Amino acid sequence: MKKNKHLLLGSSIGCLVLLLMAAIEENFRKQWRGIQAAGQNDDGPISVQLRQIVNPGLRHSDRCISCHVSMGAGDANVTGARILRTHRPVVHDPAEYGCTICHAGQGLATEKEDAHGDVQFWPSPMFPARYAYAGCGACHTPLDVPNRDLLGRAKGAFERLDCLACHRVDGRGGTIRPGGGGMEGPDLSRIGIAGYKTDWYEKHLELSRKAEAKAAGNGPWKNSFAAVSEADRRLVATYLATLVSAPRLIEAKAVFHSTGCLGCHKVSGAGGDEGPELTRAGEKDPGQLNFVPVPGKATLDNWLAEHFRSPGSLVAESKMPALGLSEADIDKLTLYVMSLRRMDVPASYVPRDRMNAARFGAREFTTDGATVYGVFCAGCHGLEGQGRRAPGMAAFPSIANSDFLSRVEDEFLANTIRSGRPGRRMPPWGEKEGGLRPEEIQAVIRHLRSLGGVEARPDSKPARWVSGNKEEGRQLFAASCSGCHGAKGEGGEGPALNNQVLLSKATDTYFVETIGKGRRGTGMAGFEEPSTVRRTLTRLEIESIVSFIRSWEGGKS
Amino acid sequence: MSAPVAAHSAIGEFLENLKQAPRRVLDTAFRGGAPVTDRTRSSFVFGNVFLHLHSVRTHRWSLKWTTTMGLGLASAAAFLLTLITGVLLMFYYKPYPDVAYDSIKDIHFVVPTGRFMRNIHRWAANVMVITVILHMARAFYTGAYRRPREFNWLIGMGLLVTTLGLSFSGYLLPWDQLAYWAITIGTNIAQSPREITDALGITEYFDPGGLQRLILLGSDTVGAEALIRFYLWHVMILPLVLAALAAVHFWRIRKDGGLVRPSDADKRLGAPTADTQPVFTNAPAKTYQLAAIVKGRTAAVGKGPENTVPSMPHLFYAELGVLMLTSLICLALALVSDAPLKELANPNVPENPAKAPWYFLGLQELVAFSAFMGGIGIPTIVLIGLGLIPYLDRESKGTGDWFGGPGGWPLVKQAVGVGLGASILIEAFVINFGWLREWSPSIPQLVVTAVNPGTLLTLAYGVYSVHLVRRYQSARAGALGLFTCFLCGFTVLTVIGTYFRGPNWVFYWSPADWPKH
């Protein structure tokens, strides 16, 4: 009995000790208690209690304000420690919207590590501060974002025209020179969302004229406005459309729109099918990713950045070529891809931009040719149309080549873009297949022409006029062409020639000219020109080859 | 002046009664006086509905630590802990998908001591599974299932199944990835009779597997219906079943003559200690009209049962000691290790590997070959085998002794070797060379159902057991061997399933070797 008594005594004391420890842990050692104990407001120390923001509309509750106290409703004047300070002024007041809806992290948690979310089994940790704008993507889809070049020019025009003298944008500008106070004009930081009247230019001009007419005084309108060219006004309009209070996200998206990612990837319905859809790529769970080859911390931004540097080393069997991007671009693309997310919010909270994009066909990119090209084509054909060679893949043709552009008509280009090249990696981009609208395709063609600097040379001959000797053409093809284009025209180093879309759309003139004159900057030499290393072909011989190539048409390629 | 006097006395009496009321409440609640002497204590135990589950006096053999190791009591203690913490958790838990997950987060982060309570609940549940299995092993090895305790062994098996059911049903409730996919696996196993019906081509007409799964889930997928069903099983049906079975289990111990002890227990214990006092007097004032149904040939009139001590306080100290020790272990584990909570359940992102609770991983190891055999066939065979043990072993040699019976400890040692050896051997073979399906992908599933590592292992153990029966000419010897083998096989398979299986159920020496996806 003694043994049992001792067992009872010993284990009871042990239980009491453990319960005491748990009680101390619970009541005294919670992080937020210590933080709140340092907090003061006008009435003295604040009460130490769990605090949370609840937004029933968003079905969201965040306990972040248990530490970040003054971000909660009615606690703006709490001071005492850095962590207690207020949020900088933003459109979405954290006291109403909560924190994790923008910043991600674990809102229900009450300890720093858990709340910031860099813990096991929490799929959406907080965005690092430098990628904070990625949070906007949970609900918003910035629309009409141009490519990097156009955005730079648009922003440049806005600054060159000195709009910042009166208007404030994202904390810059709004100081009127000379004399007088600041901020005569409204803050334009959110004008892309709020919208503006299209007659702003006429109004400005009128006000300026009136001020000048008065002659006396030195009002702000005097000498502060002058005529603006139509081109500059278009640039300003382009810039204003991007002002959504998220400048870094817009910059990042502009880089995305210069990299051609949508050529292979789909984002909210637009883009190719070659690569995985990216609509929710920013929601990747770091816990499910391969971090072995990734330097630094196991965070999503590090993973994405390393993925841009070397896709194949992170994703087995990735078909994505290393794009050779600069670190600055990689950083921006990382931010943009992190912003690709879809939060489930009640319909009444879905913002106008996303609604317009999802329901009413609003474009995320501006529809000028350069931007459309940057969004869809630049990935394979290069930002300058120079083409791309990637290990293990057929070369992507240089479509801005002036020899090429001078021999094809716009209709041929439009057809190729619309229908693609079956059997090759060029997918069809027509409205039904790839989602490009006719006017967008025309814009891309105009952009191509401007890249190559050549107009189509008008061709008086009909599409089919060659009638050469097929047998002779076969022999000549085997001798001179099959080395690069394959014995049956299936392609090799050079592009495939037995492609049915090519055969049906390309004119005989196109073939004859290309064989005779070659295509500068590529391996295709002009066969009419004298050469020491290859046989020179006569015009008739070339026509025979074209006849032979034509014999593949309609047949099995 | 007489009237006021009478009034005075009535009021005085009233006041006096009022004064005495608290004491009288106690007196009437605990009849027979304060439990201060052996006699009043005995009467106290005898007259209390809960304590009455014990016998009034306990044999000294039962109080030896080596007799039971307190395993049964520890199981009961762990159940008590899960009951208390479970009721507390129910105040905050909301059994609806997604909301359930948030409520667990709330319990973890903001409910005062919520995390601690959940941890205790989780650890006590695991401790309970372990002690229940060990308790069964103890009962088996000391021959406690033998006459007259056969039926209590069957009730014990019911308690084992109920315990596993309780633990498994609680697994889904957090509604995280772990829960979701473990239950998906578990209920797919329930559907595994389809393996047979599919092979016979009769699923369309006769589909017990699909029905079983449908009854479990209330729907085609693991969803809100499944959650509320599992919740109901977990907090209501199974606890009630377990409490009822446990009450019968305890009560029958008393009715079956206390805990099992060797026939020569008294001799081995030696003379009773000084504090062993007979409570009974030599002047019975009773007539024993019900003596006819009392066990034994004569009523123990005028004779203090030798070598027994009053249950109160001797047995109660032991019981409370085990209760507090179990609590201590669970509290300590709960302080140092948090109950897992993975990501919110996501039907589109399967866990890989998706693992059932650890005590089912031995079965999941077999399920990899045949869901039917691993999940239903072999467990059924094992349960039937366990249930038959007391009715096949009608011997009495060695009852009450650890590993008692023909063969004894040397036999058990040999059986451990056979049990571990056979299971490790067949696992090593399968891991290195694959099985029928890998060798010939088109082989009919029925063949794999019949011939797979699980069935072969069961067969090997069975053959070994028959060999023992013949060698020792004793069913007990065969039972000793078979039970030991199954215990070893269970351990080996569970350890492999828990620690050495990675994505796609491939063998890895360590999770560090798992491929990164």
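Keep in mind it's a predicted model, so treat the numbers as computed, not measured.

1. Overview of the interface of chain B and chain A
Much of the literature gives interface size as the accessible area that the parts lose upon coming together. Contacts between the two partners involve 31 residues from chain B and, on the opposite side, 31 residues from chain A. At the boundary of chain B with chain A, total buried surface from both sides reaches about 3,000 Å², with 70% on carbon and sulfur atoms. Of all residues in chain B, W65, F109 and Y317 of chain B give up the largest surface area on contact with chain A, accounting jointly for 23% of the area buried on that side. Between R63 of chain A and D106 of chain B there is a salt bridge, and its shortest N-O distance comes to 2.6 Å. In this assembly, chain B and chain A are joined by six residue pairs in polar contact (both at pLDDT 80 or more). Of all the elements in the fold, those that place two or more residues in the side of chain B that touches chain A are α6 (99-109), α7 (114-141) and α14 (311-336) of chain B. Examining the composition of the side of chain B that touches chain A, we find that 14 residues originate from one element, α14 of chain B, more than from any other.

2. Some remarks on the domain arrangement of chain B
All names here are of chain B. Under the domain assignment, chain B is made up of domain 1 (67-269 + 312-351) and domain 2 (381-517). Look at where the C-alpha atoms of domain 1 and domain 2 centre, and you get two points 24 Å apart. Facing the 27 residues of domain 1 at the interface are 29 residues of domain 2. Buried area between domain 1 and domain 2, summed over both chains or domains, comes out near 2,500 Å², and the portion from carbon and sulfur atoms is 66%. Among the residues of domain 1 in contact with domain 2, F140, Y141 and R146 are the three that bury the most area, contributing 32% of the side total. Our enumeration of links across domain 1 and domain 2 arrives at three salt bridges. Run the count over domain 1 and domain 2 and you get 16 residue pairs in polar contact (both at pLDDT 80 or more). Of all the elements in the fold, those that place two or more residues in the side of domain 1 that touches domain 2 are α7, α8 (150-171) and α10 (194-200). Along the lines of polarity and charge, the residues of the side of domain 1 that touches domain 2 split into 17 nonpolar, three polar and seven charged.

3. Notes on helix α23 (residues 539-550) of chain A
All names here are of chain A. For α23, built from 12 residues, the straight-helix expectation of 16 Å at 1.5 Å per residue is met to within 8% by its first-to-last C-alpha distance of 16 Å. Extensive coverage of α23 is indicated by the burial of 10 of its 12 residues. Contacts made by the buried residues of α23 are with α20 (470-485), α21 (500-505) and α22 (508-517).

4. Comments concerning the packing of aromatic side chains
Residues and elements named next belong to chain A. Per the stated rule, a full pass over the model turns up 37 aromatic pairs over all chains. Ring centres 4.9 Å apart and planes at 45° place the aromatic pair F158 and Y239 in the tilted group. Taken together, the positions of F158 in helix α6 (residues 148-160) and Y239 in helix α9 (residues 230-241) put the pair 81 residues apart, joining distant regions of the chain. Each member of the pair, F158 together with Y239, is buried.

5. Thoughts on the pattern of salt bridges
Under the definition given, this model contains 41 salt bridges over all chains. Across the pair R146 of chain B and D393 of chain B runs a salt bridge whose closest N-O atoms are separated by 2.9 Å. Of the two residues, R146 of chain B is situated in the loop between α7 and α8 and D393 of chain B in the loop between α16 (371-392) and α17 (408-433); the sequence distance between them amounts to 247 residues. Residue R146 of chain B is classed as buried on the basis of its relative accessible area, which comes to 2%. A residue is classified by how much of its surface remains accessible, and D393 of chain B, at 2% relative accessible area, is buried. In this structure, a network of salt bridges that share partners links the residues R464, D508, R550 and E553 of chain A.

Calculation rules
- Residues numbered from 1 in each chain as written.
- Chains lettered and ligands numbered in written order.
- Predicted model: local features only at pLDDT ≥ 70, side-chain atom pairs only at ≥ 80, totals over all residues.
- Heavy atoms only, no water.
- Contact = heavy atoms within 4.5 Å.
- Buried area = accessible area lost by both parts, 1.4 Å probe.
- Salt bridge = Lys/Arg side-chain N within 4 Å of Asp/Glu carboxyl O.
- Polar contact = N/O pair within 3.5 Å; in protein donor to acceptor, adjacent residues only side chain to side chain.
- Helix = DSSP H or I, 4+ residues; strand = E, 2+ residues; numbered from the N terminus.
- Domains from an automatic or database assignment.
- Nonpolar A, V, L, I, M, F, W, Y, C, P; charged D, E, K, R; others polar.
- Expected span 1.5 Å × (residues − 1).
- Buried < 20%, exposed > 50% of the residue type's maximum accessible area, 1.4 Å probe, protein only.
- Phe/Tyr/Trp six-rings, centres within 6.5 Å; stacked < 30°, edge-to-face > 60°.

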